[in-house]
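So the chains spell out like this:
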Amino acid sequence: MDFLMLERWSPYVVGILIGLLNVGSLLVSKKPLGASTSFMKLGGIIYRSFDKEKVQNNEYYQKNELKLDWGMMLVLGIIIGAFVSAMLSGDFSLTAVPEMWASEVSGSFMLRFASAVVGGIFLGVGARWAGGCTSGHGISGTSFLSVISWVAGIAFFIGGIAVAFLIYGM
Amino acid sequence: MTKNNRTLMQGLIIGILFGFFLQKGGVTKYDVIVGQLRLIDFTVIKIILTAIVVSMLGISYFYPKDMVPVKTKAGSIKNATIGGLLFGVGFGLLGYCPGTIAGAIGNGYIDAVTGGLIGIVLGTMIYAMMYGKLKEKGVLTQDKYSEYSLFHHIKGSPFKVTIPFGALIMAVLLFMEIGGL
């Protein structure tokens with residue numbers, strides 16, 4: 001079982017496993033992999049605890065059942081799975097500012113924190129606007145041969161590459 | 001176990017495997033994801049394209065037997081582009097996406113569990129607040145590609161489309177390897 005202790009596997013092996021996992025998920029749960037909806041539900045549940053009426057009257061939240069579901073358990077599972085994998089290989093470490101950002105942008109946690117909040121907001125709005133994320137559109141939707149998912153997936157990378165070049169230069 | 005609990009348990013187990021694979025692939029790390037966006041590390045695209053080929057072929061096998069659903073999203077090319085580009089801006093700034101941020105949290109990234117998580121959840125709330133207005137102003141249109149999947153339209157075996165398409169994606173990956181990416 002030494003391979004479980006390895007820090008990295010070939011991207012092709014990982015890709016094959018994630019592809020098989022998506023098919024397995026469709027067979028067993030009849031659901032494709034996807035993550036962004038769960039953050040929306042978490043947001044709705046948090047918001048509801050402050051202002052119940054506003055959430056109940058919100059048209060977007062009305063379309064979605066705000067309770068613990070398959071997708072939220074999936075996201076929870078991702079946290080656990082990544083933690084177990086990192087612990088097995090000794091690759092787990094508490095990192096406040098990622099190395100690349102620290103060495104080329106700034107070592108300040110506050111700046112990194114602020115960029116993560118702003119980035120997260122764009123990610124959240126964009127994922128809901130587009131109807132999915134790198135998993136839901138990028139892996140699941142594309143392999144369903146959905147034109148919208150291919151367009152969204154390509155747009156994710158165009159936007160991401162543009163911003164990465166703005167931050168880090170050419 | 002009730003049906004609901006069984007569903008939750010399935011989600012958890014599939015998620016654990018997903019997170020395990022993502023971490024082994026290195027994509028729970030800011031440096032690897034942003035390395036891809038800077039076009040210096042092609043790990044992310046290799047994983048995604050390989051996953052698409054395998055998944056597409058699996059669906060081609062099981063869909064005609066009615067063993068897997070083909071569920072596609074409603075929307076339009078226009079909104080996939082607008083939303084996709086907004087998402088991309090966030091992807092570049094944050095350096096994680098909704099799935100990999102969960103993995104990054106498991107990997108120990110504090111910027112992910114604090115700022116990133118707060119941001120994504122806030123972003124979805126902002127969208128929920130905007131939704132009524134966007135709909136009222138007629139932004140959220142659906143075009144002919146809404147809920148469209150080629151799988152619904154292929155006569156006969158889907159493999160006749162997905163094998164050539166899969167081969168094309170593999171050729172792209174092969175060229176990337178030959179080119180040293």
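Quick caveat, the model's predicted, so the values are computed rather than measured.

## Notes on helix H9 (residues 147-168) of chain A
Turn by turn, an α-helix covers 3.6 residues, leaving residues three or four places apart pointing in a common direction.
Residue and element names in this part refer to chain A.
Logical step 1: For H9, which comprises 22 residues, the first-to-last C-alpha distance of 32 Å matches the rise-based estimate of 32 Å (1.5 Å per residue) to within 8%.
Logical step 2: Turning to H9, its buried residues are Ile 148, Ser 149, Ala 152, Gly 153, Ala 155, Phe 156, Phe 157, Gly 159, Gly 160, Val 163, Ala 164 and Tyr 168.
Logical step 3: With a side-chain oxygen positioned 3.4 Å from the backbone nitrogen of Ile 148, the residue opening H9 is Ser 146.
Logical step 4: Following H9 by one or two positions, Gly 169 adopts a phi angle in the positive range, close to 75°.

## Focus on the pattern of salt bridges
Logical step 1: Applying the stated criterion across every chain, the model contains 6 salt bridges over all chains.
Logical step 2: Note that Lys 29 of chain B is salt-bridged to Asp 91 of chain A, the shortest N-O span being 2.5 Å. With Lys 29 of chain B in the loop between helix H1 (3-25) and helix H2 (30-37) and Asp 91 of chain A in the loop between helix H5 (70-89) and helix H6 (99-104), the pair connects residues from two separate chains. Side by side, Lys 29 of chain B and Asp 91 of chain A carry an identical accessibility label, which is buried.
Logical step 3: Residues Arg 112 of chain A and Asp 111 of chain B are paired through a salt bridge, measuring 2.7 Å at the closest nitrogen-oxygen approach. In this pair, Arg 112 of chain A is assigned in helix H7 (residues 109-130) and Asp 111 of chain B in helix H6 (residues 110-136), connecting two distinct chains. Considered together, Arg 112 of chain A and Asp 111 of chain B belong to a single accessibility category, that of buried residues.

## Here we look at the state of the cysteines
Think of a disulfide as a covalent bridge from one cysteine sulfur atom to another cysteine sulfur atom.
Logical step 1: If you walk through the whole model with that rule in mind, you get 0 disulfides over all chains.
Logical step 2: Cys 133 of chain A takes part in no disulfide bond, and the closest cysteine sulfur, belonging to Cys 97 of chain B, lies 6.3 Å away.
Logical step 3: According to the relative accessible area criterion, Cys 133 of chain A is buried, its value standing at 1%.
Logical step 4: Under the relative-accessibility criterion, Cys 97 of chain B is labelled buried at 5%.

## Looking at the confidence of the model for chain B
Logical step 1: Per-residue confidence for chain B averages 97 on the pLDDT scale, and 100% of its residues sit at or above 70.
Logical step 2: Both confidence scores are given for the complex: pTM 0.97, ipTM 0.97.

## Overview of unusual backbone geometry
Both trends apply: most residues other than glycine have a negative phi, and most peptide bonds are in trans.
Logical step 1: A positive phi angle, near 60°, is found at Lys 30 of chain A, a position not held by glycine.
Logical step 2: Take Lys 30 of chain A: it is sitting in the loop between helix H1 (11-28) and helix H2 (36-50).
Logical step 3: Although it is not a glycine, Leu 39 of chain B sits at a positive phi angle of roughly 60°.
Logical step 4: According to the relative accessible area criterion, Leu 39 of chain B is partly exposed, its value standing at 39%.

Definitions and limits used
- Residues numbered from 1 in each chain as written.
- Chains lettered and ligands numbered in written order.
- Predicted model: local features only at pLDDT ≥ 70, side-chain atom pairs only at ≥ 80, totals over all residues.
- Heavy atoms only, no water.
- Helix = DSSP H or I, 4+ residues; strand = E, 2+ residues; numbered from the N terminus.
- Expected span 1.5 Å × (residues − 1).
- Buried < 20%, exposed > 50% of the residue type's maximum accessible area, 1.4 Å probe, protein only.
- Polar contact = N/O pair within 3.5 Å; in protein donor to acceptor, adjacent residues only side chain to side chain.
- Salt bridge = Lys/Arg side-chain N within 4 Å of Asp/Glu carboxyl O.
- Disulfide = S-S within 2.5 Å.
- pLDDT = per-residue confidence, 0-100.

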